[in-house]
Amino acid sequence: MTPAGRLAFHQEHSQPVMDALQEWMAQQVSTRQVEPNGSLGKALAYLERHEKGLTQYLRVAGAPIDNNPAERALKRPILQRKNAYFYRTSHGAAIGDLWTSLLESCRLNGVPEFAYLVALGRAGRAVRAAPRDWLPWVWAERQRAAAA
């Protein structure tokens, strides 16, 4: 679907569901069916506070319905932060951060990590002489050009 078509689809099919949800939430709060400090009350308050952002896909063409790609991208750095607690030195943690960043850059740019790291290892002097030429996306472009 085009972004405009997706927007029209969501406005036709999702908007009534969201309107019904808003009405149900208001009813639960007004009739005191939900304890404000309970789990459901807190969830409803969160939904009410963030309603505009959570329903952006109903108003803006091309707005994603979820943020899964962003959350997936954050998983590895968060895991690295947790693992960094167990490095013996802060220098070791910094090196671990560097490797995590490098490998995540490979993943985001569709670069095969192992082949890239092997190429870096084999071309140590060239990498030190011109590091910008060995960034993952630059290296991948050179590989594609050489294969063509």
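Reading the values: the criteria
Residues numbered from 1 in each chain as written. Predicted model: local features only at pLDDT ≥ 70, side-chain atom pairs only at ≥ 80, totals over all residues. Heavy atoms only, no water. Helix = DSSP H or I, 4+ residues; strand = E, 2+ residues; numbered from the N terminus. Expected span 1.5 Å × (residues − 1). Bend = angle between axes of the 7 residues up to and from the residue. Core = buried A, V, L, I, M, F, W, Y, C linked by side-chain atoms within 4.5 Å. Buried < 20%, exposed > 50% of the residue type's maximum accessible area, 1.4 Å probe, protein only. Contact = heavy atoms within 4.5 Å. Salt bridge = Lys/Arg side-chain N within 4 Å of Asp/Glu carboxyl O. Phe/Tyr/Trp six-rings, centres within 6.5 Å; stacked < 30°, edge-to-face > 60°. Lys NZ or Arg CZ within 6 Å of the ring centre and 35° of its normal. Patch = residues over 30% accessible without salt bridge, like charges linked within 9 Å, V, L, I, M, F, W, Y side chains within 5 Å. Areas by Shrake-Rupley, 256 points an atom, 1.4 Å probe, with all protein chains shown as cover.

(A) Helix α4 (residues 68–84), seen in detail. Over its 17 residues, α4 runs 25 Å from end to end, which matches the ideal 24 Å to within 8%, given 1.5 Å per residue. The largest bend along α4 measures about 25° and falls at K75, with the proline P77 one to four residues further on.

(B) Focus on the nonpolar core. Counting ten residues, the largest nonpolar core is built from L102, C106, V111, Y116, A119, L120, A123, W134, W139 and A140. Only α5 (90–108), α6 (113–122) and α8 (136–147) provide two or more residues apiece to this core. Residue contributions to this core peak at three residues, all from α6. With residues near it in sequence (within four places) discarded, A119 still touches W134 and W139.

(C) Structural context of the pattern of salt bridges. Applying the stated criterion to the full structure yields four salt bridges. Note that E113 and R107 form a salt bridge whose closest N and O atoms lie 3.1 Å from each other. Assessed through its relative accessible area of 24%, E113 is described here as partly exposed. Given a relative accessible area of 35%, R107 falls into the partly exposed group. Notably, a salt bridge pairs R144 with E141, separated by 3.5 Å at the nearest N-O pair. With a gap of three residues between them, R144 and E141 both fall in helix α8, about one helical turn apart. Its relative accessible area of 46% is what places E141 among the partly exposed residues. Connected through salt bridges with shared partners, the residues R76, E104, R107 and E113 form a single ionic network.

(D) Looking closely at the packing of aromatic side chains. Summed over the entire model, instances satisfying the criterion amount to one aromatic pair. Aromatic pair Y116 and W139: ring centres 5.4 Å apart, planes at 70°, arrangement edge-to-face. Of this pair, Y116 sits in helix α6 while W139 sits in helix α8, placing them 23 residues apart in sequence. Accessibility classification places Y116 together with W139 in one group, the buried group. Its guanidinium or amino end placed over the ring of W134, R142 lies 4.6 Å from that ring's centre, counting from NZ or CZ.

(E) Fine view of helix α1 (residues 3–30). By the largest-angle criterion, S14 marks the main kink of α1, which is about 45°, and a proline, P16, follows within four residues. Three or more residues of α1 are buried, namely L7, H10, S14, M18, M25 and Q28. Where the residues of α1 are buried, they touch α2 (39–49). Of the residues flanking the end of α1, it is R32, one or two places downstream, whose phi is positive at about 55°.

(F) Representation of a nonpolar patch on the surface in the model. Among the surface-exposed residues, I95, L98 and W99 lie close enough to one another that they form a single nonpolar patch of about 290 Å² accessible area. By secondary structure assignment, the location of I95 is in helix α5.

(G) Main features of the side chain of Q28. If you trace the backbone, Q28 turns up in helix α1. Relative accessible area serves as the criterion here: at 13%, Q28 is assigned to the buried category. Excluding its chain neighbours within four sequence positions, the residues that come into contact with Q28 are Q33, V34 and L44.

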